[in-house]
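Architecture and fold: a report
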Amino acid sequence: MSVKVQEHARDLDGFISMDLSEELKHAVQVSNLAFHVASELKLEEKVCNELAVAGMLHDIGKLKLLNYLYGEEDPLVIEELKYVRMHSTLGYEELVGKGYSEHILKSILYHHENYDGSGYPANLRGEEIPLGARILRVCDVYSALRSNRPYRKALSMEDAMQLMIGEVKYFDMKIFLAFQRVVHKEHETQKNGGYN
Ligand SMILES: [Fe+2]
């Protein structure tokens with residue numbers, strides 16, 4: 001077996017034996033939320049659908065890092081952080097040339113850029129950040145806050161929203177307001193017994 005094939009087989013081994021249910025749940029949440037925020041912003045249906053796809057795939061680069069993060073390499077924590085920051089670029093590289101639109105690819109590549117220019121991988125700021133990536137950023141942060149983490153319990157809708165208001169400099173305000181409307185609408189629907 002060539003080294004390349006061996007590496008690929010080892011990657012697949014990692015994927016199959018890992019429990020990815022949390023990652024999948026997060027991807028579905030971000031996908032749904034991104035679709036609804038894009039609809040709330042009255043974007044074209046095609047763009048909304050593309051954001052649903054980008055939401056599902058936005059963290060796919062993390063799969064490439066599994067061996068570094070949880071595998072035999074056992075790197076130092078600081079190294080792990082450095083690798084984690086590569087995941088948006090790795091995801092983009094994995095998907096480019098496979099028929100995904102430029103909009104989907106750029107949304108994934110820049111989903112960790114912050115509106116104030118403090119994000120990665122390119123320190124883009126404001127409207128330099130593609131619209132899709134700005135939408136994913138808001139949805140991604142919310143979904144992460146609403147999930148259990150090894151170091152904290154999932155936040156309530158109100159607490160997650162409060163925390164994000166405190167950090168609003170990272171987000172596009174127009175998108176953030178649309179996102180708030182979507183989340184409040186969903187919360188109301190759930191309180192009233194869910195969708196019919
Ligand atoms: Fe990410």
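For the structure itself, consult the block above.
The structure reproduced in this document is the subject of the present report. Just so it is clear, the model here is predicted, and its values are computed rather than measured.

A word on the environment of Glu113. By the element assignment, Glu113 lies in the loop between helix 8 (102-109) and helix 9 (131-145). Among the residues examined, Glu113 registers 26 C-beta atoms within 10 Å and is labelled buried. When the C-alpha atoms of Glu113 and Phe171 are compared, they prove to be 9.3 Å apart, with 58 residues separating the residues in sequence. The residues contacting Glu113, other than those within four sequence positions of it, are Gly119, Ala122, Leu124, Ile129, Ala133 and Arg137.

The next subject is helix 2 (residues 21-40). Given a rise of 1.5 Å per residue, 20 residues ought to cover 28 Å, and the 29 Å separating the end C-alpha atoms of helix 2 matches this to within 8%. Residues of helix 2 that are buried sit in contact with helix 3 (45-57), helix 9 and helix 11 (173-191). Lys42 lies just past helix 2 and shows a positive phi near 60°.

Time to look at the nonpolar core. One finds Ala34, Val37, Ile135, Val138, Cys139 and Phe179 to be the most contacted residues of the largest nonpolar core, which totals 31 residues. Every element with two or more residues in this core is listed here: helix 2, helix 3, helix 8, helix 9 and helix 11. Per element, the largest residue contribution to this core is seven residues, and it comes from helix 9. Residues contacting Cys139, with those up to four places away along its chain left out, are Val30, Leu33, Ala34, Val37, Gly55 and Phe179.

Calculation criteria
- Residues numbered from 1 in each chain as written.
- Predicted model: local features only at pLDDT ≥ 70, side-chain atom pairs only at ≥ 80, totals over all residues.
- Helix = DSSP H or I, 4+ residues; strand = E, 2+ residues; numbered from the N terminus.
- Buried ≥ 20, exposed ≤ 12 C-beta atoms within 10 Å, placed from the backbone.
- Contact = placed C-beta atoms within 7 Å.
- Expected span 1.5 Å × (residues − 1).
- Core = buried A, V, L, I, M, F, W, Y, C linked by C-beta atoms within 7 Å.

Structural measurements only, silent on function.
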